[in-house]
Each structure stands twice: as C-alpha cells, then as structure tokens.
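An overview of the molecular structure
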Amino acid sequence: MTRLLTVYDSVDPLNNVISALTIKAEKVFFIYHHHVSEYIFENIRAVLGKYYGIKAEFIRLVDDDIQISEILDKNKKIVVDVGGATYLSLLLFEMVRNRDNQIIYYDDDENCIKDYRTHTVINAEVFKLQIEDVLTLRGGEIKEHMHHVVTDKETKKALVTLVENNIENYSSFIRYITKINSILNNREYLGSNTYQLKSSDIQSFVTDNEFDRSKELFEIDEENRLTFKTGKLREMVSISGAFLENYLYIKLKESGLFDDIKMSTVIDFSDDKYSYPVRCEIDCLIIKNNRLLFVSCKSTKADATTLNEIYVHNSRFGNALSLPVLCVCEELDRKYPSTYAKGEELGIYIVDRSSFLKGNVAEVFASILDGTYEYDDVTKI
C-alpha cells in the first residue's frame, strides 16, 4: 500500500484528501506550522477513513529539515504531494527532488493527478467526493431536509406541468396558490384532501387567470367540494417555494448529468467552540466531478440579500471548485438589471426565466459546471 506525504492546506480543503483518495493511500502524513484545531483534523480523518480506511497523521513542524527528513527516511518509497501553494510545499519539493520519491500534484483546472517531474497525467479521473464529504471538510453536516422530495409519479407529473404552464408569469402562479391556501385554511376539512367551499370561493378560483393553467392541482364537484389530486400537492400549496425546488430537483435528476443532487438541506456548521447548533438552509446542492454548486431558489424577486447569502454559503462550505448559483423565475436581467449585474460581478451564476424557456434547464446547470455558461448582456437592455 502507498504512503503519502503532503502539506496541510488551510485554504482549499480539497487538496487535503483528493490525492490520497485517488491513489488509495494506506496512510497520509500531513505537515504544518501553525496551530490548527483538532476538530478540522477530525473532519479530514472522517473523509479519508470513510472509503478506504486511510489513516492520517498530522505533524506540527518545529525543525522543518529534521522532521521532514525523518519521515522520508522512515518511509523510503513514500509519494510526495506538492499540490498546496505554500512555503512548506516548496520546501518539501526542494528536499525530495534529488531523491527517488515520486512527486505528484493535483491539477484542479484539469481535475487530474499529475507527475511533477514529467508533467504527465497519472490519474485522469480523480476520486469523486459526495456532497456530504465537501461539507464535512468545511465543518458542515446535513441534519435534515426542510422540504421533502416528491416521489410519486402522479404528483411529479402534475408538478412539472404546473410549473411549465406557468413559467412565463410565475409570480401570478405563486399569488394564486397563496390565495388558495389562505382560503382553505378557513374552510372545513372533510378528509381525503377535500375541503368544503363557499360559492364565493369557487367564483374567486375559477375567475382567476391562473385557473385554466393550474387544473392539475385540484377538482371541484357539484357540491362545492374541492379535492386535491394528491396529498403532496395540498402540502406544497402551503409552501409555495416547494414547487420550484421540486421541479428543479426532478429535472436535474432525470437528466443524469450530475453525480448527486440534494434539495432543501439544513446544514449545521457549529464546531467544537459551540455547545448549540448553528444552522442554515441551502435550497439545492449539485455535484459533478467534485464541482459543487450552491443554489438559492427564488420563485419571484431576488435582491442583494439573496445574492450575498448564497455567496457566503459557497465561501463558507465550498472549495476551489465550488460555485454559487441563483435560480429565479423572473427575467432578472430585464426586471432587476442592477441585481443581475451585481450577481455577475460576485461570480454568482444566474439561472432565470429565459433559462427555463430555452428548454431543459438541467443543461444550463451543466454549462456552469463545464465552463460554457454565458451571462446575458445587460448593456443591451
């Protein structure tokens, strides 16, 4: 089994695990200078040990040359990873360049492991982390899901039709289901997803412009009883944002373009300093080849606060490959050009109504990951 010597990277957590997992190292020696919380080391150990039982030893250097030489002398064939851009990585390279040890580094641009001496690719496909692994390395843990994913075929079919029928004026759809929920909360529940309506309720529903575009939601019989097509649809009417989140999840999952997707995750990022939970909610997480997208979903208007929130989430939990995304059912570049421009300046990718109207929205997210995404030109508005 291979042993690996590397420098602990405090900036990009991906560098702490990707080489070791790709080459299936038996043990990794991490060297570092400044104090690091044991909590961080435990997170690295958790990810390394999860797959191949890789052991990790963290060595704080007092005398660089003596301690590094001791590791090299005791582990003659140890592989040396110099991927971290730090002083210690340079020192480590200097100390092993005249030895026979293999020197490797992780190229995050090409997502592969290369040999330092020959600059050839050793591993064209690196180990693929799960969403939970990326979060663990930054001290985050998924505790629960605020909205549960739609699984039954009838609700999925109705939901997709509802969103696509209303995407050109999604704010009106949200207003309509909010009105439905408000009225039903004050009406008699008869069981089996059925409510007893008043004549005035029916008049309010059927004269609304959204009624004909939203017939997948419910039926009304001759006795003024409204029955939802499924119990899940009734539940979603009380949480309007769940429609867009579930639609996005369905389309992304069915595309098969991504390694994993998680919806409406509640992340606890309290560390050993806190005895109580510190949590946040992220609407959607998407991962492909270790590139993790942090997605904020907004049914209607998005503002600077929305941009700042998803930007911070990516900075707090992501790595060099992760990216923040805002998904909103408005034509953001036309209705709120200053918000759109600020998002572009912050490096936040925008998936707005035009992205949905182009066809399969999953392809827009895929373009973010493969580097072919293009922002709309707000100067032409």
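The structure under discussion appears in the preceding block.
Residues numbered from 1 in each chain as written. Predicted model: local features only at pLDDT ≥ 70, side-chain atom pairs only at ≥ 80, totals over all residues. Heavy atoms only, no water.

**Quick word on the overall build of the protein**
Worth spelling out the cut-off: Numbering of helices and strands starts at the N terminus; helices are DSSP runs of H or I of at least 4 residues and strands are runs of E of at least 2. Only protein chains enter the area calculation, which uses a 1.4 Å probe; residues under 20% of their type maximum are buried, those over 50% are exposed, and those in between are partly exposed. Contacts: residue pairs with any heavy atoms within 4.5 Å of one another. Throughout, the Shrake-Rupley method with a 1.4 Å probe supplies accessible areas, and for residues the shown protein chains are the sole cover considered. Asp and Glu count as negative and Lys and Arg as positive, but His and the ends of the chain are not part of the count. We put the charge of a Lys on NZ, of an Arg on CZ, of an Asp on CG and of a Glu on CD.
Scanning the protein from terminus to terminus reveals 15 helices and 17 strands. Seen through its C-alpha atoms, the protein measures out along the principal axes to roughly 85 × 50 × 35 Å. Here the protein holds 381 residues, and 51% of them are scored as buried. The long-range share in the protein, meaning contacts at least 24 apart out of those at least 6 apart in sequence, stands at 65%. When the accessible surface of the protein is split by element, carbon and sulfur atoms take 46% of a total near 18,200 Å². If the 46 positive side-chain charges of the protein are averaged to one point and the 61 negative ones to another, these points end up 2 Å apart.

**Focus: the nonpolar core**
Quick reminder of the rule: Note on terminology: a nonpolar core comprises buried Ala, Val, Leu, Ile, Met, Phe, Trp, Tyr and Cys residues joined through side-chain atoms within 4.5 Å.
The biggest cluster of nonpolar side chains holds 106 residues, and the ones touching the most others in it are Leu48, Leu129, Phe243, Val295 and Phe365. Setting aside residues up to four positions removed in sequence, Phe365 forms contacts with Leu248, Leu252, Phe258, Ile286, Leu293, Val295, Val325, Cys327 and Val351. Residues Phe29, Ile68, Val80 and Val96 belong to the second largest nonpolar core, which totals 19 residues.

**Some words on the packing of helix H10 (residues 241-255) against helix H15 (residues 361-370)**
Inclusion rule: With axes taken as lines fitted to C-alpha atoms, and helix axes fitted only over the stretch in contact, angles between N-to-C directions fall between 0 and 180 degrees. Any angle from 65 to 115 degrees is called roughly perpendicular, while one under 35 is roughly parallel, one over 145 is roughly antiparallel, and all others are oblique. Charged means Asp, Glu, Lys or Arg here, nonpolar means Ala, Val, Leu, Ile, Met, Phe, Trp, Tyr, Cys or Pro, and polar covers whatever is left, Gly included.
Between H10 and H15, the least distance of the axes is 8 Å, while the angle of their chain directions is 70°. Comparing their axes, H15 and H10 come out roughly perpendicular. Contacts between H10 and H15 involve Leu248, Lys251, Leu252 and Ser255 from the first element and Val361, Ala362 and Phe365 from the second. Residue classes in the contact of H10 with H15 are distributed as five nonpolar, one polar and one charged.

**Notes on helix H13 (residues 337-345)**
The following threshold applies: Within this analysis, the arc is defined by the directions that extend from the helix axis to the C-beta atoms.
Listed as buried for H13 are Thr339, Tyr340 and Gly343. Take H13 and look down its axis: the buried residues cluster within an arc of 100°, on one side only. For H13, exposure combined with an orientation more than 90 degrees from the buried face picks out Ser338 and Glu345. With its phi angle positive at about 80°, Gly347 sits one or two positions after the end of H13.

**Describing the pairing of strand E15 (residues 291-298)**
As a reminder of what qualifies: Any two strands are treated as partners once DSSP identifies two or more bridges connecting them.
Buried residues dominate E15, accounting for six of its eight residues. Taking the residues that link successive antiparallel strands as the turn, the strand E14 (residues 279-288)-E15 hairpin has two residues, and the phi of Asn289 there is positive, at about 50°. Two strands pair when backbone bridges link them, and E15 and strand E16 (residues 323-328) are joined in this way by six bridges, in the parallel orientation. The partner of Lys298 across the bridge, within E16, is Val328.

**Quick look at the sheet that holds strand E9 (residues 189-191)**
Two pairing modes exist for strands in a sheet, parallel and antiparallel, and in both the strands are linked by backbone hydrogen bonds. Strand order in the open sheet formed by four strands is E9-E10-E12-E11, and the pairing between neighbours is antiparallel. Looking at the sheet topology across the chains shown, the edges are occupied by E9 and strand E11 (218-220). Each neighbouring strand pair of the sheet contributes to a mean axis angle of 25°, computed without reference to strand direction. Two strands pair when backbone bridges link them, and strand E10 (residues 194-196) and strand E12 (residues 225-228) are joined in this way by three bridges, in the antiparallel orientation. Within the sheet, the bridge partner assigned to Tyr195 lies in E12 and is Leu226.

**Remarks on the environment of Ser238**
Note the following rule: Under this definition, polar contacts are N or O atom pairs within 3.5 Å; protein pairs additionally need one hydrogen-donor-capable and one acceptor-capable atom, and for neighbouring residues in sequence, both atoms have to be side-chain atoms.
In this fold, Ser238 is placed in the loop between helix H9 (231-237) and H10. Ser238 sits 93 residues away from His145 along the chain, and the two C-alpha atoms are 16 Å apart. A polar contact is formed between the side chain of Ser238 and the backbone oxygen of Glu235, at a distance of 2.6 Å.

**A look at H10**
The criterion, for reference: A helix's residues, less one, multiplied by 1.5 Å, set its expected span.
Here H10 spans 22 Å end to end across 15 residues, near enough to the 21 Å set by a 1.5 Å rise per residue. The buried count for H10 comes to 11 of 15 residues, which makes it a mostly enclosed element. Along H10, the residues classified as buried are Ala242, Phe243, Leu244, Glu245, Asn246, Tyr247, Leu248, Tyr249, Ile250, Lys251 and Leu252. Immediately beyond the C-terminal end of H10, within one or two residues, lies Gly256, with a positive phi of roughly 70°.

**Focus on the packing of aromatic side chains**
Here is the rule we go by: For Phe, Tyr and Trp, where Trp contributes only its six-membered ring, two rings pair if their centres lie within 6.5 Å, and the inter-plane angle classes them as stacked under 30 degrees, edge-to-face over 60, or tilted in between.
Following the criterion strictly, the structure yields 22 aromatic pairs and no others. Look at Tyr51 and Phe127: their rings are 4.7 Å apart centre to centre, the planes differ by 65°, and that puts the pair in the edge-to-face class. Taken as a pair, Tyr51 in helix H2 (residues 38-52) and Phe127 in the loop between strand E7 (121-123) and helix H5 (131-137) lie far apart in primary sequence, 76 residues in all. Consider the rings of Tyr247 and Phe356, whose centres lie 6.2 Å apart with planes at 40°: the pair is tilted. One end of the pair, Tyr247, is in helix H10; the other, Phe356, is in helix H14 (residues 353-357), with 109 residues separating them in the sequence. Ring-pair connections join several aromatic residues into one group, and the members of that group are Tyr189, Tyr195, Phe205, Phe211, Phe218 and Phe228.

**Description of the pairing of E14**
When you tally the buried positions in E14, you get seven out of 10 residues, the bulk of the element. Inspection of the sheet shows strand E13 (residues 260-268) paired to E14 by eight bridges, in the antiparallel sense. Within E14, the residue paired with Val266 across the bridge is Glu281.

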